[in-house]
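Chain by chain, the residues:
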2 protein chains.
Amino acid sequence: MVNEFYMLLAINEAWKYQGLTYPNPAVGCVVADKNGAILSVAAHKKANFAHAELEAAREALAKLNPLLKFPQNPNELHAFILQNHQNLLKDSTFYVTLEPCSHQGLTPSCAKLLCALHVKKVVIGIRDNTKQAKGGSEILKKADIEVVVGVCEKECEELIEPFLLWQKGSFSFFKLAMRLDGSYDNGIITSIESRKFTHKLRDVCDLIVIGGETLRNDKPTLDSRLISAKAPNVLICTQKTINKDAPLFGVKNRNVIIQNSLDFPKEYKNIMIEGGGNFLQAMRDRVDWFLIFHSNSFSSEKKQSVNIDLNLKLIYSSHIGDDLFGWYRRY
Amino acid sequence: MVNEFYMLLAINEAWKYQGLTYPNPAVGCVVADKNGAILSVAAHKKANFAHAELEAAREALAKLNPLLKFPQNPNELHAFILQNHQNLLKDSTFYVTLEPCSHQGLTPSCAKLLCALHVKKVVIGIRDNTKQAKGGSEILKKADIEVVVGVCEKECEELIEPFLLWQKGSFSFFKLAMRLDGSYDNGIITSIESRKFTHKLRDVCDLIVIGGETLRNDKPTLDSRLISAKAPNVLICTQKTINKDAPLFGVKNRNVIIQNSLDFPKEYKNIMIEGGGNFLQAMRDRVDWFLIFHSNSFSSEKKQSVNIDLNLKLIYSSHIGDDLFGWYRRY
């Protein structure tokens, strides 16, 4: 198949972890053997986990030699693969949405890993222009590896837009959950699987922003209890005096900022905004992306719905269990 | 990769044409060469078009020999491939969501085609138990082709549920289009691409069902003008006297049935119901599936929304342009 076919599989895999990789970019990687048979479809899942190329190499090697017992820790995994790859990935092709990193960060250079594996070709979606990581292509070329750059470039750029914005300052997204009929209230809307995904997003973001209305109506906790992970700091944007009886105030190791301005404090880089229609209207021109869930139910009970004018551009859609969701940006 | 990987690609491709293949089932097919490299990912697109296996064979051969000029007509294509395959697909594996047909229908037997191509293995999602088509596996086995049955069987059965219902009597689905906020009205809701898809569905169904409210509010035409195709017959379910000034009455070669019962006339097999919340409530227990679109916009204008209690099970989700959509059934 053509390069685009493999790259789209890599892009799609990376999107599954969008929002969870901070401060790293979402990256996907497909490995095909010398005949073009796919050996693995992998992605970077979270900071301190293996980069996409390392994870893809692991999965491909696991397929080719089921006896290999891989360590979990990405640094140990990197070292293990360098020692035990047995040239099984010689002449393979790696399709990576983002140029393999040149540098030793938390984990060693992916470009150098691919050189050591003696891969034949690396097909890259978009160049990594960050100061530390750039130059992977040059490392590959020096090792006589064929490098193709710019396959599905637009899609790969979209995939790392949050990362590009973190580099420049901050990335923010507004999360909204509705029933199939557009209704929402302060009860549970989406499935446990979708709420776990939301808690993963909360675990990874460094600030959750809500409005006074959400505080008063929902009395939320805004933690990541469904996945036993960290509760981020909270910014409450309100012009009214607030009652500190909501459970969010009782969460340990959390700062709660209360202000009447809608500006995000400068020190936060990965910002998640949660709310309903009124806060969406207030924040619509301040956020970068929108994450919108539609559950699988219609409800006739008294309820709220979003009542604003806004056109969005769909970037990616998928589902979690019975819930649809889409990542959007403004048109 | 494992059989399931290829089969899921075939299933996903088939879903793109769900609702458009009547009276045939939606079927997907992936061809991999002897090394496991994917040569094609194809689907049956419409009755009188090539079956999935024939289309997949065509696309695979086109890749292997770009000089081949394939005829359009599926019968001619079948004959052409038998003459010109040059054993290029020898030892390949076909992953098909539904057992290849044994019989000569509008097109010749797909099982016999695969025998003539000397494929090595055929991996099948679910057996075809229809009287005419069944027995494909036996034909393949007699030709010493390895046959694996039951890979992703549940998903493959879901894919052909409309077909299984056509066999038994009829299949019906309720199509609903809403904005992101759940609102709808008698204006345009979704993108031109989604509306073209809806017109394709109308072209293929043999009956559109609406309620009196839709007739009065929307004054619809209910044809397939966006794709210059046929306008199906219309059933209007209403208890009131109706005014025949809506454009749908002016469409040539169309029967319009008006009745106060909600029962579908027995002679129709592929039935599309269109409407809003009230008609959804009336029809919810009479239809097999639900096709729900969410456009990319929120609107503050005075509008309607669905106000019923209903939980649905998501079967498949995707997007057309900026619109999300899901195929659902009742829980």
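The model shown is predicted, which means the values in this text are computed figures rather than measured ones.

### Describing the domain arrangement of chain A
All names here are of chain A.
Next, step 1: Here chain A is partitioned into domain 1 (2-165) and domain 2 (170-330).
Next, step 2: Between the C-alpha centres of domain 1 and domain 2 the distance comes to 32 Å.
Next, step 3: Between domain 1 and domain 2, the contact holds 12 residues from the first and 17 residues from the second.
Next, step 4: Counting across the domain 1 and domain 2 interface gives 3 salt bridges.
Next, step 5: The interface formed by domain 1 and domain 2 holds 6 residue pairs in polar contact (both at pLDDT 80 or more) in total.
Next, step 6: Of all the secondary-structure elements, those providing two or more residues to the side of domain 1 that touches domain 2 are α1 (3-15) and α7 (161-168).
Next, step 7: Looking at which element gives the most residues to the side of domain 1 that touches domain 2, the answer is α7, with 3 residues.
Next, step 8: In terms of residue class, the side of domain 1 that touches domain 2 is built from 5 nonpolar, 3 polar and 4 charged.

### Remarks on the side chain of H294(A)
Next, step 1: Along the chain, H294(A) turns up in strand β12 (residues 289-294).
Next, step 2: Residue H294(A) is classed as buried on the basis of its relative accessible area, which comes to 1%.
Next, step 3: Non-local contacts of H294(A), meaning those with residues more than four positions away in its chain, are made with M178(A), R179(A), D322(A), D323(A), L324(A), L180(B), H294(B) and L324(B).

### Description of the layout of surface pockets
Residue and element names in this part refer to chain A.
Next, step 1: In this structure, the second largest pocket encloses a volume near 1,100 Å³.
Next, step 2: Around the second largest pocket, the lining comprises 45 residues; the ones closest to its centre are D185, T214, D218, E274 and G275.
Next, step 3: Where the lining of the second largest pocket is concerned, the elements lending two or more residues are β6 (171-178), α8 (192-204), β8 (207-211), α9 (212-218), α10 (277-283) and β14 (304-305).
Next, step 4: When residues of the lining of the second largest pocket are assigned to their parent elements, the largest contribution, 6 residues, is made by α9.
Next, step 5: Of the residues that constitute the lining of the second largest pocket, the class distribution is 14 nonpolar, 20 polar and 11 charged.

### Quick notes on the side chain of S224(A)
Next, step 1: Here S224(A) lies in the loop between α9 and β9 (233-237).
Next, step 2: Setting aside anything within four residues of it in sequence, one finds S224(A) in contact with H199(A), R202(A), D203(A), A229(A) and K230(A).

### Looking at the relation of the copies chain B and chain A
Next, step 1: At an RMSD of 0.0 Å, chain B and chain A line up after a rotation of 180° and a shift of 0.0 Å along the axis. Considering both components of the superposition, the chain copies are consistent with a two-fold axis.

### Points about the confidence of the model for chain A
Next, step 1: In the predicted model, chain A carries a mean pLDDT of 95, and 100% of its residues have values of at least 70.
Next, step 2: Overall fold confidence for the complex sits at a pTM of 0.96, while the interface term, ipTM, reaches 0.94.

### Some words on the interface of chain B and chain A
Next, step 1: With 47 residues of chain B in contact, the opposing surface of chain A contributes 47 residues.
Next, step 2: Both faces combined, the contact of chain B with chain A buries some 3,500 Å², and carbon together with sulfur accounts for 57% of it.
Next, step 3: Its largest share of buried area at the contact with chain A, chain B owes to M1(B), F298(B) and L324(B), together 19% of the area lost on that side.
Next, step 4: Linking chain B with chain A are 14 residue pairs in polar contact (both at pLDDT 80 or more), by the criterion used here.
Next, step 5: Those elements that provide at least two residues to the side of chain B that touches chain A are α1 (3-15), β2 (38-43), β6 (171-178), β12 (289-294), β13 (297-298), β15 (310-320) and β16 (323-330) of chain B.
Next, step 6: With 8 residues, the single largest contributor to the side of chain B that touches chain A is β15(B).
Next, step 7: Of the residues in the side of chain B that touches chain A, the class split is 22 nonpolar, 17 polar and 8 charged.

### Concerning the sheet that holds β12(A)
Next, step 1: The strand order across the open sheet formed by 9 strands is β10(A)-β9(A)-β8(A)-β11(A)-β6(A)-β12(A)-β16(A)-β15(A)-β13(B), and the pairing between neighbours is mixed. Each edge of the sheet is formed by a strand with only one pairing partner; in this case those strands are β10 (256-259) of chain A together with β13 of chain B.
Next, step 2: Here α7(A) sits on the sheet in contact with β6, β11 (270-274), β12 and β16 (323-330) of chain A, set at roughly 135° to β6(A).

### Considerations on the sheet that holds β15(B)
Within a beta sheet, neighbouring strands are joined by backbone hydrogen bonds and run either parallel or antiparallel to one another.
Next, step 1: Spatial strand order, β13(A)-β15(B)-β16(B)-β12(B)-β6(B)-β11(B)-β8(B)-β9(B)-β10(B): 9 strands in an open sheet with mixed pairing. Two strands in the sheet have a free side with no partner beyond their single neighbour: β13 (297-298) of chain A together with β10 (256-259) of chain B.
Next, step 2: Each of β6, β11 (270-274), β12 and β16 of chain B touches helix α7 (residues 161-168) of chain B; the most contacted strand, β6(B), lies at about 135° to it.

### Concerning the nonpolar core
Next, step 1: Residues F94(A), V209(A), F298(A), F94(B), V209(B) and F298(B) are the most contacted members of the largest nonpolar core, which totals 226 residues.
Next, step 2: With residues up to four places along the chain from it excluded, the contact list for F94(A) reads C29(A), V30(A), V31(A), E53(A), A57(A), L89(A), L114(A), L117(A), V119(A), K121(A), V122(A) and V123(A).

### Overview of helix α8 (residues 192-204) of chain B
For an α-helix, 3.6 residues make a turn, and residues three or four places apart therefore share a direction.
Residue and element names in this part refer to chain B.
Next, step 1: The terminal C-alpha atoms of α8, which comprises 13 residues, lie 18 Å apart, in line with the 18 Å expected from a rise of 1.5 Å per residue.
Next, step 2: If you check which residues of α8 are buried, you get S194, F197, T198, H199, L201, R202, D203 and V204.
Next, step 3: Where α8 is buried, its residues meet β6, β8 (207-211), β11, β12, β15 and β16.

### Details of the environment of V251(B)
Next, step 1: Within the secondary structure layout, V251(B) lies in the loop between β9 (233-237) and β10.
Next, step 2: Ignoring sequence-local partners within four residues, the contact set of V251(B) consists of T221(B) and A231(B).

### With respect to the packing of helix α2 (residues 52-64) of chain B against helix α3 (residues 74-84) of chain B
All names here are of chain B.
Next, step 1: Closest axis-to-axis distance for the α2/α3 pair is 11 Å, and the angle between their directions is 55°. If you check the angle between α2 and α3, you find them oblique. For the pair α2 and α3, the sense of crossing is left-handed. Contacts from L54, A57, R58 and L61 of α2 reach α3 at P74, L77, H78 and I81.

### Describing the packing of aromatic side chains
Next, step 1: Under the definition given, this model contains 30 aromatic pairs over all chains.
Next, step 2: Ring centres of F293(A) and F325(A) lie 5.5 Å apart, and the angle between their planes is 35°; this geometry places the pair in the tilted category. In this pair, F293(A) sits in strand β12 while F325(A) sits in strand β16, placing the two residues 32 residues apart along the sequence. As far as the burial class goes, F293(A) and F325(A) line up, both buried.
Next, step 3: On the numbers, 5.4 Å between centres and 70° between planes, the contact of F70(B) with F80(B) is edge-to-face. In this pair, F70(B) is assigned in the loop between α2 and α3 and F80(B) in helix α3, connecting sequence segments 10 residues apart. Both residues of the pair, F70(B) and F80(B), count as buried.

### A short note on helix α3 (residues 74-84) of chain A
All names here are of chain A.
Next, step 1: Turning to α3, its buried residues number three or more, namely P74, L77, H78, F80 and I81. Down the axis, α3 shows its buried residues gathered within 165° of arc, on one side only.
Next, step 2: Summarising the contacts, the buried residues of α3 are in contact with α2 (52-64) and α4 (110-116).
Next, step 3: Where α3 begins, one side-chain oxygen reaches toward the backbone nitrogen of N75, 2.8 Å away; that side chain belongs to N73.

Cut-offs applied
- Residues numbered from 1 in each chain as written.
- Chains lettered and ligands numbered in written order.
- Predicted model: local features only at pLDDT ≥ 70, side-chain atom pairs only at ≥ 80, totals over all residues.
- Heavy atoms only, no water.
- Domains from an automatic or database assignment.
- Contact = heavy atoms within 4.5 Å.
- Salt bridge = Lys/Arg side-chain N within 4 Å of Asp/Glu carboxyl O.
- Polar contact = N/O pair within 3.5 Å; in protein donor to acceptor, adjacent residues only side chain to side chain.
- Helix = DSSP H or I, 4+ residues; strand = E, 2+ residues; numbered from the N terminus.
- Nonpolar A, V, L, I, M, F, W, Y, C, P; charged D, E, K, R; others polar.
- Buried < 20%, exposed > 50% of the residue type's maximum accessible area, 1.4 Å probe, protein only.
- 1 Å grid on protein atoms, 1.4 Å probe; cavity = no way out; pocket = protein on both sides within 12 Å on 5 of 7 lines; lining within 4 Å.
- Points joined across faces, edges and corners; volume = space filled by probe spheres on them.
- Least-squares fit on C-alpha atoms with pLDDT ≥ 70 in both.
- pLDDT = per-residue confidence, 0-100.
- Buried area = accessible area lost by both parts, 1.4 Å probe.
- Pairing = 2+ DSSP bridges.
- Axes fitted to C-alpha atoms, helices over the stretch in contact; angles between N-to-C directions.
- Core = buried A, V, L, I, M, F, W, Y, C linked by side-chain atoms within 4.5 Å.
- Expected span 1.5 Å × (residues − 1).
- Parallel < 35°, antiparallel > 145°, perpendicular 65-115°, else oblique.
- Left-handed = near helix turned anticlockwise from the far one by under 90°.
- Phe/Tyr/Trp six-rings, centres within 6.5 Å; stacked < 30°, edge-to-face > 60°.
- Arc of directions from axis to C-beta.

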